[in-house]
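Notes for the structure review
Here are the chains, one letter per residue:
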Amino acid sequence: MVFESIPRTVRIILLGEPGVGKTSLILSLVTEEFTEHVPPKAEEITIPADVTPEQVPTNIVDVCLAEQTPEQVAEEIEKAHVVCIVFSVDKQETLNKVASYWLPFVRDNSPEDYRKPVILVGNKIDLIDYSVIDNIWDIAEEYPEVDRCIECSAKTLTNVSEMFYNAQKAVLHPIHPIYSIEEQELTERCKRALTRIFKICDLDGDGLLDDYEVTIFQKKCFDTPLHLQVLDEVKSVIAQNIAGGIENDCITMKGFIFLHCLFIQRGRNETTWTVLRKFGYDESLELTHSYLYATIRVPAGCTSELSYKGQQFLTQIFEKYDRDKDGMLNPNELKNVFSCCPRIPWHNLRYTVPTNEKGFLTLQGWMCRWTLMTLLDLQNTSAYLAYLGFNFLENDTQKSAFHITRDKKIDIAKKQSSRTVYQCHVIGPRGCGKTSICRSFLGIAHKKIKSHAHERGDSADEACISSVNVYGQERYLVLREVGVARVSDPLQPAEVNCDVACLLYDVANPRSFEYIARIYIKYFAESHIPVLIVGTKGEALITRQEYILQPEVFCSKYQLLPPQIFNIRENKQDIFVKLATMAAFPHLKQFASFAGENSSWWKAGIGVAAATIMGLVLIKMLNFQKW
């Protein structure tokens, strides 16, 4: 079923047989007194927002069958948000017409995929001394769009304002998306939404809401504190009505869902809707687009990274779901993390981020994967942070979880990168060992790299990420494989643009170096991108390359660092540190300043250290001024 979005103005229409008191109800509401002589039809009335309980402007439309054709009435129904069908409690025939004519008429003139909420109104209860509610509910069972039934009196003003207030509520806080009247139970969609909300509010992940967690929930949802006495009464009601609703003096998931069912059964739909909307749900109980996707623009030349606030939130999520406190998320724990999300957003973690020997995600791997997702798919990262409750727990939009770096041109001009995540493209011919070097970066043992080499082709367009230290500062390095089948095959701009390039050749293959030499000359010789040439399979016998310049001479001519020989058996990490350092200081791409003059390395390191110290001093000064 489709549910309409909340309107800015509520339009109420009153239908019913002549003489049931439709016009009298409207005039009694407006004048707060009963008028014996009323016109056949009241003019459309607009009630300002500041005098309505929900603070929403309300239009009330009267219908007179003597003055309007069925077609005109149908048009008014189409424009209305909620329909009040009035009958006289002392005249059974008017109640009979509700089921035989008016309800079918309203349904016939409503969209097929949306049934307008209906309020059944029994007027003139001052004329009888009994209730007809039971008879009304018999009719309502046939028509699920009936939101509620109200008995009132225009003459004594009994329940008149309540009738119109409930008509407003039927639009602003509709019952049908969240509650099945036929089954006397919350809808499945509502249960799923409340389950996600419960998990977010369960701060320690123990499956229970303790007093502190309930207090935080109450404060953030309703902006009012919850007194302990009231909380004790709520827990007492849960304990008396549902088994397993309270455990260790805490509210269980079962108790939490029961509580909202009780709210709705007592006519307090607005309580549940306030909670649902606070957590981003619309009238169809789907998370809204604006809730999931923060408006963030990443200009050309800039990248997206996690802010300190985003890192802190994700660290807390990891610790919450690491139930056995072993510093890793096993498959069940990882599944639990994303149980309130559409799906687990990642696959192939073992070959993407650092894991333990079993492939379980460590905290380092967890942060690496989120960092990679933020870099490559910011909008999806924004959505998953919303699913996990960032907006509610941090009381802010996901925008504060991200940091947009400055333009790379500025980094080059200032001779130092402001980024903490560096993109390195690993480029080389097929079979040169791109996949092996990427997996060794993740700490995968040599034997396992060999035994699982068939699981992913050497030219697979995938990225892996891990952290490295650049002069004592933790940075993230992203390695992305770029395969080259033939030298003549052009590289796309996205395959060239990066923070640092790693050109690989097979030292045992005499024709391997020619590939990357030509690639360097064509794409990188005139660029600002630092380049490191690496000879793989260093454990093999080094063969003379069939190229006009040998690798050492080539690097010297183009003022590059000498070729770095990588032996997969040794699995040394110094090459990755060099790559990250070159990305951090792109002006040191020249061989003379990078390799020949070691003082440049020291100067760069001192610069980083000095910047860090000055930052700490400034923070302390600012904190002192606040005090």
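Residues numbered from 1 in each chain as written. Predicted model: local features only at pLDDT ≥ 70, side-chain atom pairs only at ≥ 80, totals over all residues. Heavy atoms only, no water.

**Some points on the nonpolar core**
As a reminder of what qualifies: Only buried residues count toward a nonpolar core, which is a set of Ala, Val, Leu, Ile, Met, Phe, Trp, Tyr and Cys residues joined through side-chain atoms within 4.5 Å. Exposure is judged per residue with a 1.4 Å probe applied to protein chains only, and the accessible area is read against the type maximum: over 50% gives exposed, under 20% gives buried, and values in between give partly exposed. Note on definitions: a residue-residue contact is assigned when non-hydrogen atoms from the two residues lie within 4.5 Å.
Ranked by size, the top nonpolar core spans 79 residues in total, and within it Ile-197, Leu-276, Phe-279, Phe-338, Trp-366 and Trp-370 carry the most contacts. Dropping the residues within four chain positions of it, Phe-338 is found in contact with Arg-343, Ile-344, Pro-345, Trp-346, Trp-366, Trp-370, Tyr-384 and Leu-388.

**Observations concerning the pairing of strand β20 (residues 531-536)**
The test is simple: The secondary structure listing takes helices from DSSP runs of H or I that are at least 4 residues long and strands from runs of E that are at least 2 residues long, numbered from the N terminus. Each pair of strands is called paired provided DSSP finds at least two bridges between the two strands. If you view a crossover with the strands going away from you and the path from the first strand over the helix to the second runs clockwise, you call it right-handed.
Of all 6 residues that make up β20, 6 are buried, and the element is covered over most of its length. Because side chains alternate across β20, one face comprises the buried residues Val-531, Ile-533 and Gly-535, and the other comprises Leu-532, Val-534 and Thr-536, equally buried. Two elements, strand β19 (residues 500-506) and β20, share 6 bridges in a ladder whose sense is parallel. Of the residues in β20, the one forming a bridge with Cys-502 is Leu-532. Remark: the β19/helix α21 (residues 512-524)/β20 crossover connection has right-handed handedness. Relative to strand β21 (residues 564-565), β20 runs parallel, the two sharing 2 bridges. Each bridged residue has a counterpart across the sheet, and for Gly-535 the counterpart in β21 is Ile-565.

**Focus: the pairing of strand β18 (residues 473-484)**
Bridge analysis of strand β16 (residues 421-429) against β18 gives 9 bridges, and the strand direction is parallel. Note that in β18 the partner of Gln-423 across the bridge is Val-478. One ladder, built from 8 bridges, connects strand β17 (residues 463-470) with β18; its direction is antiparallel. Residue pairing across strands places Val-470 opposite Gln-473, the latter belonging to β18.

**Remarks on the sheet that holds strand β3 (residues 58-62)**
Here is the rule we go by: Each axis is a line fitted through C-alpha atoms, taken for helices only over the stretch in contact, and angles between the N-to-C directions span 0 to 180 degrees.
Taken in spatial order, the 6 strands make up an open sheet running β2-β3-β1-β4-β5-β6, and their pairing is mixed. The open sheet terminates on both sides in strands that have one partner only, identified here as β2 (45-47) and β6 (146-151). Adjacent strand axes in the sheet meet at a mean angle of 20°, parallel and antiparallel pairs treated alike. One ladder, built from 3 bridges, connects β2 with β3; its direction is antiparallel. Among the inter-strand pairings, Thr-46 is bridged to a residue of β3, identified as Asn-59.

**Remarks on the pattern of salt bridges**
A side chain of one charge can pair with a side chain of the opposite charge when the charged atoms of the two come close. Threshold: Any carboxyl oxygen of Asp or Glu that lies within 4 Å of a side-chain nitrogen of Lys or Arg is treated as forming a salt bridge with it.
On inspection of all chains with the given rule, the structure shows 21 salt bridges. Across the pair Lys-191 and Glu-185 runs a salt bridge, and its minimum N-O distance is 4.0 Å. By relative accessible area, Lys-191 is classed as partly exposed at 23%. Judged by its relative accessible area of 31%, Glu-185 is partly exposed. Salt-bridge contacts for Asp-499 lead to Lys-408; the nearest nitrogen and oxygen are separated by 3.7 Å. You can see Asp-499 sitting in the loop between α20 (493-496) and β19 and its partner Lys-408 sitting in helix α17 (residues 408-414), a full 91 residues away along the chain. On the basis of relative accessible area, Asp-499 is assigned to the buried category, the value being 6%. Salt bridges linked by common partners bring Arg-406, Lys-408, Asp-411, Arg-419 and Asp-499 together as one network.

**As for the sheet that holds strand β10 (residues 246-247)**
Pairing in this open sheet of 3 strands is antiparallel, and the strands run β9-β11-β10 from one edge to the other. This sheet does not close on itself; its edge strands, each paired only once, are β9 (208-209) and β10.

**What about the confidence of the model for the protein chain?**
The line we're drawing: Note on scores: pLDDT gives the predictor's confidence for each residue, bounded by 0 and 100.
Averaged over every residue, the pLDDT of the protein chain is 87; the share at 70 or more is 89%. For residues 450-461, every residue scores under 50 in pLDDT, and the model assigns this stretch 25 contacts once sequence neighbours within four places are set aside. Contacts of residues 615-627 to residues separated by more than four positions or lying in other chains number 0 contacts, the stretch itself having pLDDT below 50.

**Observations concerning the packing of aromatic side chains**
What counts is decided by this rule: Only Phe, Tyr and Trp rings take part, Trp by its six-membered ring, and two of them pair if their centres are within 6.5 Å. Stacked means planes under 30 degrees apart, edge-to-face means over 60, and tilted covers everything else. Either the NZ atom of lysine or the CZ atom of arginine qualifies as a charge over a ring when it sits within 6 Å of the ring centre and within 35 degrees of the ring normal.
Under the counting rule described, the total for this entry stands at 26 aromatic pairs. With a centroid separation of 5.8 Å and an interplanar angle of 70°, the aromatic rings of Trp-366 and Trp-370 are classed as edge-to-face. Here Trp-366 and its partner Trp-370 are both found in helix α14 (residues 363-376), 4 residues apart, which amounts to about one turn of the helix. You'll find Trp-366 and Trp-370 in the same group, each marked buried. On the basis of an interplanar angle of 80° and a centroid distance of 5.1 Å, the ring pair of Tyr-505 and Phe-513 is categorised as edge-to-face. An aromatic cluster is built from Phe-318, Phe-338, Trp-346, Trp-366, Trp-370, Tyr-384 and Tyr-387, whose rings are joined through pairwise contacts. If you follow Arg-439 out to its NZ or CZ, it ends over the ring of Tyr-351, 3.8 Å from the centre.

**Concerning the environment of Phe-360**
Locating Phe-360 in the fold gives a position in the loop between α13 (331-337) and β14 (361-362). For Phe-360, the residues in contact, after removing those within four places along its chain, are Met-328, Leu-329, Asn-330, Pro-331 and Thr-355.

**Some words on the packing of α14 against helix α15 (residues 378-387)**
Selection rule: Here the word oblique covers every angle except those under 35 degrees (roughly parallel), over 145 (roughly antiparallel) and from 65 to 115 (roughly perpendicular). The residue classification treats Ala, Val, Leu, Ile, Met, Phe, Trp, Tyr, Cys and Pro as nonpolar and Asp, Glu, Lys and Arg as charged. All others, Gly included, are polar.
In the contact formed by α14 and α15, the axes pass within 5 Å of each other and the chain directions differ by 130°. If you check the angle between α14 and α15, you find them oblique. Here Trp-370, Met-373, Thr-374 and Leu-376 of α14 lie close against α15, whose contacting residues are Leu-378, Asn-380, Thr-381, Tyr-384 and Leu-385. Grouping the constituent residues of the contact of α14 with α15 by class yields 6 nonpolar, 3 polar and no charged.

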